[in-house]
Amino acid sequence: MTWWGTGTIGDEGPAGWTVRGIADPVALRLPDGAELDVRTATADDLRGVDELHEQCSMRSRNRRYHGGASRIAPARLRRLLEPARGVTLLATVTCSRQSARPVVAMANLLGEGDTAEAALLVRDDWQRRGLGSALLHRLVRHAGQTGYVALALHVQAENTPMLRTIRRLDRPSMVDRDGSLLTLTMPLTAAVSPVGAGRPEGFSVAAS
Ligand SMILES: CC(C)(COP(=O)(O)OP(=O)(O)OC[C@H]1O[C@@H](n2cnc3c(N)ncnc32)[C@H](O)[C@@H]1OP(=O)(O)O)[C@@H](O)C(=O)NCCC(=O)NCCS
């Protein structure tokens, strides 16, 4: 296990990100000026979330679900929308000609014992605009506020975008590797001493 963590986002989150209660819809302005709403998902969002998955590339779905993701079963999506423990956030486009605002990203926090597991999916044409960072920051904050002691993220070792998104949190993480899958565990409560801080051996985040 290795400690890892460097980054650029401070405690207040990315510019334009208003932190309130997790259930409140919040307006989010991305650095490029695009405006989104972020809110808690409900069962009524099944169609919007299904469309989000359809509009994502196979690579994005595979990175999110670690393979076998040509189509996510509606029953699984339903469970993700209203998890027994945890929360799912959706980002929707504020200005849209469609009657239902398209869902362009989903962020999941699933509670398992005293650890919460986080995962993200940002629609391909909305990637690299700061949205993933903003959503992850909010999940981390919520997990800490609701008493989880750690946040876990399962990430394929080749998934540079997600590793960079995590690195931007600037929080030390323990990294376990099982083949091509990394599990990063981020303590949320007591301050940690990043013994062996730096990137894990044999592990690097590529510059683009
Ligand atoms: C990973 C993901 C959530 C990142 O979301 P995003 O909105 O693109 O992230 P941001 O715009 O906030 O960028 C965060 C960091 O990732 C980097 N990044 C984003 N896309 C990248 C790409 N295609 N190549 C290289 N770096 C990339 C950004 O440059 C930034 O790093 P930096 O600050 O060091 O420059 C998004 O790419 C995604 O949904 N991927 C498919 C699903 C997935 O991989 N989920 C993770 C499983 S838990």
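- The protein goes by Acetyltransferase (GNAT) family protein in an unreviewed UniProt entry, where it is assigned to Salinispora arenicola.

## Here we look at the site of the ligand
- Around the ligand, a shell composed of 21 residues is seen, among which V122, R128, G132, S133 and N159 lie nearest.
- Between the ligand and R129, the relevant distance is 3.0 Å, taken from an oxygen atom to a main-chain nitrogen or oxygen of the residue.
- Within the backbone of G130, a nitrogen or oxygen atom sits 2.7 Å from an oxygen atom of the ligand.
- Alone, the ligand offers 920 Å² of accessible surface; in the complex the protein occludes 87% of this.
- More than half of the atoms belonging to the ligand lie within 2 Å of the grid points that define the largest pocket.

## Considering the packing of aromatic side chains
- Tallied over the entire structure, the rule returns 0 aromatic pairs.
- Its end group placed over the ring of Y65, R64 keeps NZ or CZ at 4.3 Å from the ring centre.
- Directly above the aromatic system of W126 lies the positively charged group of R129, at a separation of 4.1 Å from the ring centroid.

## So, the pattern of salt bridges
- On inspection of all chains with the given rule, the structure shows 7 salt bridges.
- Its salt-bridge partner being R123, residue D125 comes within 2.8 Å of it at the nearest N-O pair.
- Note on D125: relative accessible area 45%, which makes it partly exposed.

About the criteria used
- Residues numbered from 1 in each chain as written.
- Predicted model: local features only at pLDDT ≥ 70, side-chain atom pairs only at ≥ 80, totals over all residues.
- Heavy atoms only, no water.
- Near = heavy atom within 4 Å.
- Polar contact = N/O pair within 3.5 Å; in protein donor to acceptor, adjacent residues only side chain to side chain.
- Areas by Shrake-Rupley, 256 points an atom, 1.4 Å probe, with all protein chains shown as cover.
- 1 Å grid on protein atoms, 1.4 Å probe; cavity = no way out; pocket = protein on both sides within 12 Å on 5 of 7 lines; lining within 4 Å.
- Sits in = over half its atoms within 2 Å of the grid points.
- Phe/Tyr/Trp six-rings, centres within 6.5 Å; stacked < 30°, edge-to-face > 60°.
- Lys NZ or Arg CZ within 6 Å of the ring centre and 35° of its normal.
- Salt bridge = Lys/Arg side-chain N within 4 Å of Asp/Glu carboxyl O.
- Buried < 20%, exposed > 50% of the residue type's maximum accessible area, 1.4 Å probe, protein only.

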